[in-house]
Amino acid sequence: MSSRDPGFEEFYAAHASRMVKVAYSIVRDKHAAEDVVQAAFVKAFAAWWRVRRADDPVAYTRRIVVNTALAHLRKPARRFEHSRAEVPDRPAAQPDVMGTGPGEVWDLLGQLPPRRRAIVVLRYFEGLSEREIADVLGCRPGTVKSQASAALRTLRDRLGTHDAERDSGRGHRS
C-alpha cells in the first residue's frame, strides 16, 4: 500500500469527527479525545487492508477508538503545571464537542466508570445493539445489559429521578 491511500483519506475525512465525539464521551477531555482518535486512526491505517475488507469498516474503527480511549484512561495521569499570571476563580469549561451544550447529564456521565460510560455512549449516542457493543468491548451481551442497567440506575439516582412505579405509589400498601 502506498503512503497515500485515497480510500483511507476519504474514510478519515468522513468519520474522524464522529469518532472524536465518541472518544470525548469516554475520556471527557477534548484534547485527549483528539489524541485518542489520532492514535486509533494510525492503528487503522496500519491495518487498512483489514479494515477496508471488514463487514463494517466504521464499526471496526469504532472498536479501535473505544479500546484506545479505555486504554488511555487506564494509564497513570500525567500532570503538567502551567504557569499563569493570575489564578482563575473556577475551572475552564470544556468545549462543547458533543454539540449538546453543558448539561447535568453529561457531567454525571463523566462520573461513571469508563467501561460503563463507554456502554452508555455506544448504546444511546451511537445506537448500537447489545451484541454490537459486546463485540466492541470483547465481552458478552449479558455483561453489556447488566452494566448498562447499573449505569442507568446510577445516573437516575444521581439525577434524583425515580422509577415511575415508585413515583406512582404502586406496590405500596397503606
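Sequence order sets the numbering: in each chain, residues are counted from 1 along the sequence as written. For this predicted model, a pLDDT threshold of at least 70 governs which residues receive local features, and a threshold of 80 or more governs which side-chain atom pairs are given and counted, while totals over whole chains, interfaces and linings are taken from all residues. Side-chain numbers here rest on the full set of heavy atoms in the structure, without hydrogens or water.

Caption draft 1: Expanded view of the environment of Val-66. Helix and strand assignments follow DSSP, with helices taken as H or I runs no shorter than four residues and strands as E runs no shorter than two, numbered in order from the N terminus. Note that Val-66 resides in helix H4 (residues 57–74). Distance from Val-66 to Leu-137, taken between C-alpha atoms, is 7.8 Å for residues 71 residues apart in sequence. Residue contacts are defined here by distance: any two heavy atoms, one from each residue, within 4.5 Å place the two residues in contact. Apart from residues no more than four positions distant in its own chain, Val-66 is found in contact with Val-22, Ile-26, Ala-118, Leu-122, Val-136 and Leu-137.

Caption draft 2: Geometry of unusual backbone geometry. One non-glycine residue with positive phi stands out, namely Arg-28, at about 65°. As for its position among the elements, Arg-28 is in the loop between helix H1 (6–27) and helix H2 (30–46).

Caption draft 3: Representation of the pattern of salt bridges within the structure. A pairing counts as a salt bridge when a side-chain nitrogen of Lys or Arg comes within 4 Å of a carboxyl oxygen of Asp or Glu. By the definition in use, this model includes four salt bridges. For the salt bridge of Glu-126 with Arg-18, the shortest nitrogen-to-oxygen distance reads 2.7 Å. Remark: Arg-18 occurs in helix H1 and Glu-126 occurs in the loop between helix H6 (114–125) and helix H7 (130–137); sequence separation between them is 108 residues. Overlapping salt bridges bring together Arg-18, Arg-62 and Glu-126 as one network.

Caption draft 4: Quick look at the packing of H4 against H7. Axes here mean lines fitted to C-alpha atoms, for a helix over just the part in contact, with angles spanning 0 to 180 degrees between N-to-C directions. Where H4 meets H7, the closest approach of the two axes is 9 Å, and the angle between their N-to-C directions is 55°. In this view, H4 runs oblique relative to H7, as classed from their interaxial angle. H4 and H7 meet at a crossing whose hand is right-handed. Counted together, Arg-63, Val-66, Asn-67 and Leu-70 of H4 and Asp-135, Val-136 and Leu-137 of H7 form the full contact between these two elements. Note on angle classes: values under 35 degrees are labelled roughly parallel, values over 145 roughly antiparallel, values of 65 to 115 roughly perpendicular, and the remainder oblique. It is the rotation of the near helix from the far one that decides the hand of a crossing: anticlockwise by less than a right angle makes it left-handed, clockwise makes it right-handed.

Caption draft 5: Fine view of the confidence of the model for the chain. pLDDT measures how confident the predictor is about each residue, on a scale from 0 to 100. Confidence along the chain averages 81 in pLDDT terms, with 73% of residues attaining 70 or more. The secondary structure element of the chain with the lowest average pLDDT is helix H9 (residues 164–168), at 47, and the one with the highest is H2, at 95. Confidence over residues 162–166 falls short of pLDDT 50; this stretch has three contacts with residues more than four positions distant or in other chains. Contacts from residues 170–174, a stretch scored under 50 in pLDDT, to residues over four places away or in other chains number two contacts.

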